[in-house]
Amino acid sequence: MTSTRLTHTVGVRAMEWLWAHRDGFRLDPGVDPEIGFLERFKPIGELALICAVLFREGVAGSRQAELARKLIDHAWRDALDGGRMLVRGQRTEPISPIPFEVYLPFKELGYSQPEVERAAVLNHRLDGWCSFEVPPTRRLGLSAFQRRFGLTPRLPEDEALTATWLARTPEPWTVEGHIAYDITHVVFHVTDWGENPAGLPPRIADYLTAWLPVWIDDWLDLERWDLLGELLVVDACLPEPTLDERAWEAFAAAQAPDGAMPALRGLPEGDPDDVFDIVYHPTLVAAFASTLATSRSLARLATRSA
Amino acid sequence: MEQSGTPSLLKGAVQDLATGVASALSSGGHGPVSGDLSPAAAGADGFAPAAVRVLGADFLLPHVLAGTRPDAAELALFRQAVEAYPPRADAAPTVLWSHWAMRRTLRVLAPDTADGTTAEPRADWLELADWRTLTHQLSVLASLALPGADSAVARVAGKRNLDLARGFVRAVRRRDWLQAAGAGRWLSLLDGVPDTLGLPAGLDFVELMADGDPQVGLQVRAARRLATGALV
C-alpha cells in the first residue's frame, strides 16, 4: 500500500505552489464581451472547493492549513473583491449558474454576499434557469449545489444521476478521456466531493471497483496527470480504496520540486499566465487527491490499531 | 527484403492456417486445414510444421469441439510439429504449456497413437503475476481454453476472472486485438465475469477493429463457440 507520507507530501507541495502563484487566480474585468467575464471564475470556485475539502478532512499539517486559509481569504478578498465580483458577474449574465456555483463553497466556509444569495433564490424559481441546457453531469452538480445551498433541487439528484454515462454502467472499454472526466465529476457530486462516500450507490461503487484499476493503469501510462489525479480521488471515494502504489509513486514523481503538477507529461514553458492556466488545475487536483488519500490511509491505520 | 524473408513467409503460413481453422469453426465442417497452405509452405522442405507449432493445439480445434477425427495428413503434420519443436529445458512457461496442450490434443484425438500422459508444467508464475501480465500470458495460452479441459492454467484463470476481465479491457483500449481476443476466449468459458464488461459486443468490436486478422478471427470465433456452443 502507498505510504501516507507519500500521499501527504504531494498535497503539501501542491499548496506551496498554489500559494506562490495565487495571483494567477484573477478575473479580467476588461475582457472582450465575446469571451465573457465569467470565464475566469471557474478556477476560483475550484480553489474554494479544494480548500474546503482540506479543512473538512483535517489531515493537513499546520503550514498546509495556514496556506489554505490564506489562499481562500486571498480569493475572496482580492480576486472576488469581497464577493462584489460575483454580483457583477450575476448582473452581466443574470441567468448563468456560474456565480452561484462559485459562491457556494465560499458560503459553506463562512463567507457571505447576500445579493448573490437573493439572485440564487430568484433564479431557482425560473424555469429558464432550470431548463438551461447543460451536460447531464453538470446538471447533477447543479442539483447537488442547490441542495447544499438549502434549496430543493429542481431536478432531483437521483433523476439527474440517471441521465449520466456512469449511472448506465456501460462497457468499460468504451471510456475515453472526456468520458473519464464525466465519471470523476459524477463521483464528486454524489459524494459531496468525498465527504460522503456512501452517496455512491452500491451498484456504481461495484462497477468502479471492478474497472477503475484499468483506467488508472491506462492514464498513468499516458502520463495524463490531471485525469489520473481525478481518478485517484475516485479511488479514495470507494468503499475499499486501493491507494494504488504504482500510480501514486508515478504521480508524486511527476510533480515538480516547487509543487506544480503537469497536466500531461512534463510542465509547459512560456508566459507565466499561460503556464498557470494549464497547471493550476492538475495542481489543485493533486491537493484534492492527496487530502482524500491521506485521510483514507489514516482512517485505515486507525481501524487496524483499534 | 523482409517481405520475402522466412519470418514473413512463416507469418503468412500461420495466417493461412488460422484462416482455415476460423472458417471451419464457422461452418462446422472441417476440411483438411493443411490444404490452406501455399505450396511453398506445404512442400517437403516447407515450414508447415513450424506454422502449426506457432498456432499450437488450435490447429485441430474444430475437431476437438466437434468430436471429429482429423484425417491422416493433418494428424501427421500436427505430430510432426509436436516432435520437431520440443521445448528446451529453459523454455518460458508459455512454451512449455503450449507444447503440453498440443500433446494433450494428440491424446484426445488419436489416443491409439499418442504417447502416455505427461505431467503438467508448473503454473505458479501465473498465480503471482499482476493482472496485466496474467492477461498477456493467458492470452498466449488461449488454446488451453476449452470446455471441460482441466489444467492448472485453467484453474488459475477461473480464480482470477476479474483480473482477466480487466486485462481484456486494457487490451481493447490499447488496440492489442490478438491479446483481447485470447482473453475474451477465456472469459467466454468462465463464470463470474461481470456483466458490465459487455463481452459479446466486445468480441464483435475486437473482430471489427482487427480488420480481418485471421488469428484474431480464430480466437473470436472460438470464444463465441465456447459461449454458446453454437456455430459461429
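Within an unreviewed UniProt entry, the label attached to chain A reads DUF6895 domain-containing protein, and the organism entered is Streptomyces griseoviridis.

Draft legend 1. How the structure looks around the overall build of chain B. From N to C terminus, chain B includes 13 helices and zero strands. For chain B, with 232 residues in total, the buried portion stands at 52%. Of the contacts formed within chain B by residues at least 6 apart in sequence, a portion of 71% connects residues at least 24 apart.

Draft legend 2. Quick peek at the overall build of chain A. Looking only at helices and strands, chain A features 14 helices and zero strands. For 306 residues, the compact-globule formula gives about 19 Å, and the C-alpha radius of gyration of chain A, at 19 Å, lands near that figure. Along the three orthogonal principal directions, the C-alpha set of chain A runs to about 50 × 40 × 40 Å. Per-residue burial for chain A yields a buried fraction of 57% across its 306 residues. Of the contacts formed within chain A by residues at least 6 apart in sequence, a portion of 71% connects residues at least 24 apart. Taken as a whole, chain A presents about 13000 Å² of accessible surface, with 52% of it coming from carbon and sulfur. Charged side chains in chain A number 30 positive and 45 negative. The centres of these two groups are separated by 6 Å.

Draft legend 3. Local environment of the interface of chain B and chain A. Across the contact, 18 residues belong to chain B and 18 residues belong to chain A. Both faces combined, the contact of chain B with chain A buries some 1500 Å², and carbon together with sulfur accounts for 58% of it. Ranking the residues of chain B by area buried against chain A places Arg166, Arg173 and Thr196 of chain B at the top, with a combined share of 42%. With a shortest N-O distance of 2.5 Å, Asp217 of chain A and Arg132 of chain B are connected by a salt bridge. The interface formed by chain B and chain A holds 11 residue pairs in polar contact (both at pLDDT 80 or more) in total. Of all elements in the fold, only α8 (131–140), α10 (161–173) and α12 (199–209) of chain B reach the threshold of two or more residues within the side of chain B that touches chain A. Looking at the side of chain B that touches chain A, the element that brings in the most residues is α10 of chain B, giving eight residues. Residues of the side of chain B that touches chain A, tallied by class, amount to 10 nonpolar, three polar and five charged.

Draft legend 4. Region of interest: the nonpolar core. Leu80, Phe106, Leu208 and Trp215 of chain A together with Phe168, Trp186 and Leu197 of chain B are the most contacted members of the largest nonpolar core, which totals 173 residues. With 12 residues, helix α11 (residues 202–221) of chain A is the largest single contributor of residues to this core. Lining this core are residues from two domains, each supplying at least three of them: domain 1 (1–118) and domain 2 (122–232) of chain B. Other than its neighbours up to four places away in sequence, Leu197 of chain B contacts Glu171, Pro172, Trp173 and Trp211 of chain A together with Ala165, Phe168, Val169 and Leu187 of chain B.

Draft legend 5. Focus on the confidence of the model for chain B. Averaged over all residues, the pLDDT of chain B equals 89, while 87% of them reach at least 70. With a pTM of 0.93, the predicted complex shows an ipTM of 0.92.

Draft legend 6. View of the pattern of salt bridges. Residue and element names in this part refer to chain A. Under the defined criterion, the tally for this structure stands at 36 salt bridges over all chains. Of the charged contacts in the structure, one is a salt bridge between Asp127 and Arg154, with a shortest N-O distance of 2.6 Å. In this pair, Asp127 sits in helix α7 (residues 127–131) while Arg154 sits in the loop between α8 (136–149) and α9 (157–162), placing the two residues 27 residues apart along the sequence. On the basis of relative accessibility, which here comes to 51%, the residue Asp127 falls in the exposed class.

Draft legend 7. Fine view of the UniProt feature "domain: DUF6895" (unreviewed entry) in chain A. Within the UniProt annotation, "domain: DUF6895" (unreviewed entry) is assigned to residues 13–291 of chain A. Within residues 13–291 of chain A, the helical portion is 63% and the strand portion 0%, while the C-alpha atoms at the span's ends are 12 Å from each other.

Draft legend 8. Region of interest: α8 of chain B. All names here are of chain B. Of all 10 residues in α8, seven are buried; the element is thus mostly enclosed. Every buried residue of α8 is listed here: Trp131, Arg132, Leu134, Thr135, Gln137, Leu138 and Ser139. The opening residue of α8 is Asp130, an N-cap whose side-chain oxygen sits 2.9 Å from the backbone nitrogen of Arg132.

Draft legend 9. Local environment of the packing of aromatic side chains. All names here are of chain A. Within this structure, the stated rule accounts for 20 aromatic pairs over all chains. Between Phe25 and Tyr280 the ring centres are 6.0 Å apart and the planes differ by 80 degrees, which places this aromatic pair in the edge-to-face class. Placement of the pair is Phe25 in the loop between α1 (4–20) and α2 (42–57) and Tyr280 in helix α14 (residues 272–305), with a sequence separation of 255 residues. Each member of the pair, Phe25 as well as Tyr280, carries the same accessibility label: buried. Their ring planes at 40 degrees and their centres at 5.2 Å tell us that Trp76 and Tyr111 sit as a pair that is tilted. Taken together, the positions of Trp76 in helix α3 (residues 62–79) and Tyr111 in the loop between α5 (98–108) and α6 (114–125) put the pair 35 residues apart, joining distant regions of the chain.

Each value, and the rule that gives it
- Residues numbered from 1 in each chain as written.
- Chains lettered and ligands numbered in written order.
- Predicted model: local features only at pLDDT ≥ 70, side-chain atom pairs only at ≥ 80, totals over all residues.
- Heavy atoms only, no water.
- Helix = DSSP H or I, 4+ residues; strand = E, 2+ residues; numbered from the N terminus.
- Buried < 20%, exposed > 50% of the residue type's maximum accessible area, 1.4 Å probe, protein only.
- Contact = heavy atoms within 4.5 Å.
- Rg over C-alpha atoms; globule rule 2.2 N^0.38 Å.
- Areas by Shrake-Rupley, 256 points an atom, 1.4 Å probe, with all protein chains shown as cover.
- Lys, Arg positive; Asp, Glu negative; His and termini not counted.
- Charge placed at Lys NZ, Arg CZ, Asp CG, Glu CD.
- Buried area = accessible area lost by both parts, 1.4 Å probe.
- Salt bridge = Lys/Arg side-chain N within 4 Å of Asp/Glu carboxyl O.
- Polar contact = N/O pair within 3.5 Å; in protein donor to acceptor, adjacent residues only side chain to side chain.
- Nonpolar A, V, L, I, M, F, W, Y, C, P; charged D, E, K, R; others polar.
- Core = buried A, V, L, I, M, F, W, Y, C linked by side-chain atoms within 4.5 Å.
- Domains from an automatic or database assignment.
- pLDDT = per-residue confidence, 0-100.
- UniProt positions renumbered as here; feature names shortened; annotations may be inferred.
- Phe/Tyr/Trp six-rings, centres within 6.5 Å; stacked < 30°, edge-to-face > 60°.

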